[in-house]
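So you can see what is in the structure, the chains are spelled out below.
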Amino acid sequence: MTDFAALQAAVLKGNRNDVKDIVQQAIDNQEDINAILDRGMIPAMREIGERFSRNEAYVPELLIAARAMQAGLTLLEPLIAASGRKTLGKVAVGTVKGDLHDIGKNLVAIMLKGAGYDVLDLGVNCDIGKFEEAVAQGASILACSSLLTTTMPYMKEVVEHFKGRKVKIIIGGAPVTQDYADEIGADGYGEDANGAVKIVDKLFQEA
Amino acid sequence: MPDKTIHRLTILRSAEPLPEVLARHGFPLDLRCGGKGTCGRCLIKLLNGRWECDGQELPVPIQAKACQVRLLSDSGEIAIPEISLQQRNGKMSSDWAFGSLPECAEPVIAIDLGTTTIAAVKIHQGRILKRASCYNAQNRFGDNIIARISHAEGSAESLVELQRAAVASINELLAELEAENVSRIAIAGNTVMSTILHGIDPSPLGKIPFIPPLRVFPVRKASELGLKAEAPLYTVPAISAYIGGDLTAGLAELRLAPGEMLVDIGTNCEIIFHAPQGLVCAAAAAGPAFEGAGIHCGMRAVDGAIEHYFGKDKFSVIGDTDPKGICGSGMLDFLAVERQAGHLNEFGRLQPQRETVALAPEVFLHERDIAQLLKAKAAVASGILALEEHCQSQAGKIFLAGGFAQYLNLNNAIAIGMLPAGREYCIAGNTSLAGAAHLACQPDFTATLEKYIESPQEIHLNSLPAFEDHFIDNLMLS
Ligand code: B1M
């Protein structure tokens, strides 16, 4: 039997090695993939996200937990794909053109995976073509990240490019604000990685 | 006592933005966000007259951000608290700790043109005759180089505006140093500063692939750039967009031996390492937290700043006044001392649990501030460690350049994990100014400098997968 409480605790504490060990053992014991995710990893990631939004955890803790989560997911990902698990929806995440910062973007990607979404990570320096490819691959939300005041304006170009299409654009990153999101007509803004999950939840519920 | 002086002025309506009117009349405001209305440092009181902000008329009297208001009536009265003005008499460094100056018969001037501060020395016959320093007047266009690049991109006029601001500040120093009779002036600065000083559009420096418009700057007559001196002006050449002449100067002065590293801790932490495979360099964007930006009670190292912190109610303040805020060296002490005392856990959370901690009646730190500091120190540490890992070699001796390094408590910097333990450290002082001084005394040093800019191989830290891992590890307090 997999100790789901121990798995959750290891993710919350950011203990990469424990997460890997427990997940590997669960896989070796042919534990149900959905159980590992739904009873272990996802509740833990939701919990750390909640703590974060209640100001009970800050970026360092979040990053460390997310890295532990990713260590487990890396083991699980091939099996998830093979299992045909139904996800909550497909979201593409990318840092916009001209910008190479990806630590925040990676965090957003892991939190979304942790929340049960199918995430396409487009990497850094993404131009409109990259985002188009993601749409072609079925992404219904594009989450754009920017860390530089000089690359923020590219988000406006992305929003304008996809205007009138079904795909939703949400934005975030240190210099980005709700005001800016409203100004450029983005469909949503995530103040932090947990905010990104909340806005994705909301957009999928509305759809 | 904190300076509670308040300046009362009558303002006449004009098309010019209020901060510029005030700057012209000798009241330069603290516009560290570049007048975007985000930092809240330029608060003034509108006493009478009709004023608007965001299209709405304000009821007077009212406190408001000077950068966001406009006078509607013909005249209006305002009150500016001293604390909203650009701080003067800060700690600026014009010392360096090594080498002697080459003999040179004529008097010369050397300048370190920093993003925030400018330091200059007048040298004669191998001796420093006089030192002077001031804030860079470009500060009112934003406190970081990206903000300066963005401003310059706006239009040809805004580039001129920036260039003139730097020139005006340098001219203050030239006047103080009596520059009329000097035979040469040499200047070292980061690539953005040097590019703007030469009147060149810096916008390629802000965009991938970050190609500097010029790395080797022509020798110009100082007066051609608007400087009040007839002497020729030499500029230390730059290595790359983010490793500028200030670093070239340091590299050439220290002549880094194999196994030695130069780290300039600032908003943008630059690192040059003499690895077994040769010289490598990188820029780790640490951010301005240690300069006080983005921290509730953060301030630069000026009068009233807590400079060293030893424990609750035990601290030293610059200028021996009441504490008004805390500067980088004090914040770093705080992290080390309170972690040691068990009042901070490894994630930088306050123990027992609460959001803020009071250091003095008007000075506190919030957990969010601490999270900012952790990001800055993690950037420095992970820059060094990722670069070393890339080169598969560790630096035995690390030279620390820049003003911050001169005031920080080295043991505390190591204790919080900003700097790796087990190395020999050497506080090198203002190596940028040292290199400029060398060039001013000995203009054929140019050839050496031009050779040095070709050798370091630049490593983009984002291309090193280990960077992210080190960054996350080093966010914690050991
Ligand atoms: C809906 O979609 C969403 C929703 C929410 C989203 C979202 C998307 N994306 C993010 N979020 C949100 O969720 C996350 C979690 O809460 C948050 O993500 P963040 O990314 O904000 O937070 C991360 C978890 C942690 N934060 C970070 O990762 C950024 C930290 C700092 C230190 C930083 C780093 C690490 C780096 N940097 Co850079 N860097 C700085 C940063 C200064 C600082 N002290 O913060 C900053 C951002 N950098 C800056 C600069 C100037 C630069 N950097 C550069 C390079 C680098 C490194 C390579 C060294 C490294 C990046 C490595 C990497 N793989 O990402 C250069 C540019 C490269 C490029 N083209 O992108 C360079 C230009 C200069 C240089 N030194 O080379 C500054 C920007 C200033 C400005 N006005 O724009 C800077 C603020 C530091 C400074 N000097 O002041 C939220 O914003």
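What you see is a predicted model; the values in this text were computed from it and never measured. Numbering of residues starts from 1 in every chain and runs along the sequence as written. Naming scheme: in the order in which they are written, chains are lettered from A and ligands are numbered from 1. Local features are withheld for residues below a pLDDT of 70 in this predicted model, meaning they are given only at 70 or higher, and side-chain atom pairs are given and counted only at 80 or more; totals for whole chains, interfaces and linings count all residues. The basis for the side-chain values is all heavy atoms of the structure; hydrogens and waters are excluded.

Digging into the overall build of chain A
- Helix and strand definitions here come from DSSP, where helices need a minimum of 4 consecutive H or I residues and strands a minimum of 2 consecutive E residues; each element is numbered from the N-terminal end. Scanning chain A from terminus to terminus reveals nine helices and five strands.
- Element order for chain A, N to C, with α for helix and β for strand: α-α-α-α-β-α-β-α-β-α-β-α-β-α.
- Computation of the radius of gyration draws on C-alpha atoms, with the globule rule given as 2.2 Å multiplied by the number of residues to the power 0.38. The globule rule puts the C-alpha radius of gyration for 207 residues at 17 Å, and the 17 Å found for chain A is close to it.
- Each principal axis of the C-alpha atoms in chain A carries an extent, and together these give about 50 × 35 × 30 Å.
- Burial classes follow relative accessibility: with a 1.4 Å probe on protein chains only, a residue under 20% of its type's maximum area counts as buried, one over 50% as exposed, and anything between as partly exposed. Every one of the 207 residues in chain A was classed for burial, and the buried ones make up 53%.
- Two residues qualify as a contact provided that any one of their heavy atoms is within 4.5 Å of a heavy atom in the partner residue. Long-range contacts, defined as pairs at least 24 residues apart, comprise 72% of the intrachain contacts of chain A with a sequence gap of at least 6.
- For chain A, the computed accessible surface area is about 9200 Å², with 49% contributed by carbon and sulfur atoms.
- Counted as positive: Lys and Arg. Counted as negative: Asp and Glu, with His and the chain ends omitted from the count. The location of each charge is read from NZ of Lys, CZ of Arg, CG of Asp or CD of Glu. For chain A, the distance from the average site of its 22 positive side-chain charges to the average site of its 29 negative ones is 2 Å. For accessible areas, the Shrake-Rupley method is used with a probe of radius 1.4 Å. Any residue's cover is judged against the shown protein chains and nothing else.

Re the interface of chain B and chain A
- Opposite the 21 residues of chain B that make contact, chain A presents 19 residues.
- Two parts lose some accessible area (1.4 Å probe) when they are put together, and adding that loss for both gives the buried area. Between chain B and chain A the total buried area reaches about 2000 Å² when both faces are included, carbon and sulfur atoms providing 62% of it.
- The largest per-residue losses of area from chain B upon contact with chain A belong to B:Phe347, B:Arg349 and B:Ile472, which jointly make up 26% of the total buried on that side.
- Salt bridges are defined as contacts in which a side-chain nitrogen from Lys or Arg sits within 4 Å of a carboxyl oxygen from Asp or Glu. Connecting chain B to chain A are four salt bridges.

Here's the deal with the nonpolar core
- The term nonpolar core refers to a set of buried residues drawn from Ala, Val, Leu, Ile, Met, Phe, Trp, Tyr and Cys, joined through side-chain atoms within 4.5 Å. In this structure, A:Met41, B:Phe334 and B:Met418 are the most contacted members of the largest nonpolar core, which totals 110 residues.
- Considering each element in turn, this core owes the most residues, eleven residues, to helix H7 (residues 367–391) of chain B.
- Domain boundaries shown here were taken from an automatic or database domain assignment. Shared between two domains, this core takes at least three residues from each, and those domains are domain 1 (4–83) and domain 2 (90–206) of chain A.
- Beyond its immediate stretch of four places on either side in the chain, B:Met418 contacts B:Ile265, B:Phe290, B:Leu332, B:Lys377, B:Val380, B:Ala381, B:Phe404, B:Leu408 and B:Ala413.
- With 39 residues, the next largest nonpolar core counts B:Cys134, B:Ile187, B:Val192 and B:Met193 among its residues.

Examining the domain arrangement of chain A
Residues and elements named next belong to chain A.
- The domain architecture assigned to chain A consists of domain 1 (4–83) and domain 2 (90–206).
- Relative placement of domain 1 and domain 2: their C-alpha centres are 23 Å apart.
- Taken together, the contact pairs 14 residues of domain 1 with 14 residues of domain 2.
- In this assembly, domain 1 packs against domain 2 so that about 1200 Å² is buried in total across both faces, 68% of it on carbon and sulfur atoms.

Some words on the pairing of strand S4 (residues 168–172) of chain A
Residue and element names in this part refer to chain A.
- For S4, the buried fraction is high: four of the five residues fall into the buried class.
- Pairing between strands requires that DSSP locate at least two bridges from one strand to the other. In this structure, strand S3 (residues 141–145) lies alongside S4, joined through five bridges in parallel fashion. The partner of Leu142 across the bridge, within S4, is Ile169.
- Note that the unit made of S3, helix H7 (residues 153–161) and S4 has a crossover that is right-handed.
- Once you follow S4 into helix H8 (residues 178–184) and on to strand S5 (residues 188–190), the crossover reads as right-handed. Here is how to tell: hold the view so the strands point away, follow the path from the first strand over the helix to the second, and if it runs clockwise the crossover is right-handed.

Notes on the site of the ligand
- Taken together, 45 residues are adjacent to the ligand, and A:Leu100, A:His101, A:Asp102, A:Ser145 and B:Asn268 come closest.
- Side-chain atoms alone can form a polar contact between residues adjacent in sequence; in general such a contact is a pair of N or O atoms within 3.5 Å, and within protein one must be able to donate a hydrogen while the other accepts it. For the ligand, an oxygen atom lies 3.1 Å from a polar atom in the backbone of A:Ala174.
- Put simply, the parts of the chain that give the shell around the ligand at least two residues each are helix H5 (103–114), S3, S4 and helix H9 (193–206) of chain A together with strand S16 (278–285), H7 and helix H12 (465–474) of chain B.
- The element that contributes the greatest number of residues to the shell around the ligand is H5(A), accounting for four residues.
- Each residue belonging to the shell around the ligand can be placed in one class, and the counts come to 27 nonpolar, 13 polar and five charged. We call a residue near a molecule or strand as soon as one heavy atom of that residue lies within 4 Å of the molecule or strand. Side-chain classes follow a simple rule in which Ala, Val, Leu, Ile, Met, Phe, Trp, Tyr, Cys and Pro form the nonpolar group, Asp, Glu, Lys and Arg form the charged group, and the remainder, Gly included, forms the polar group.

So, the coordination of the cobalt atom of the ligand
- Looking at the cobalt atom of the ligand, one finds just one donor atom contributed by the protein, A:His101 (NE2), at 2.2 Å.
- Here A:His101 lies in the loop between strand S1 (90–96) and H5. Coordinating donors are taken to be N, O and S atoms lying within 2.8 Å of the metal, or within 3.2 Å when the metal is Na, K or Ca; because water is excluded from the atom set, some sites may appear incomplete.

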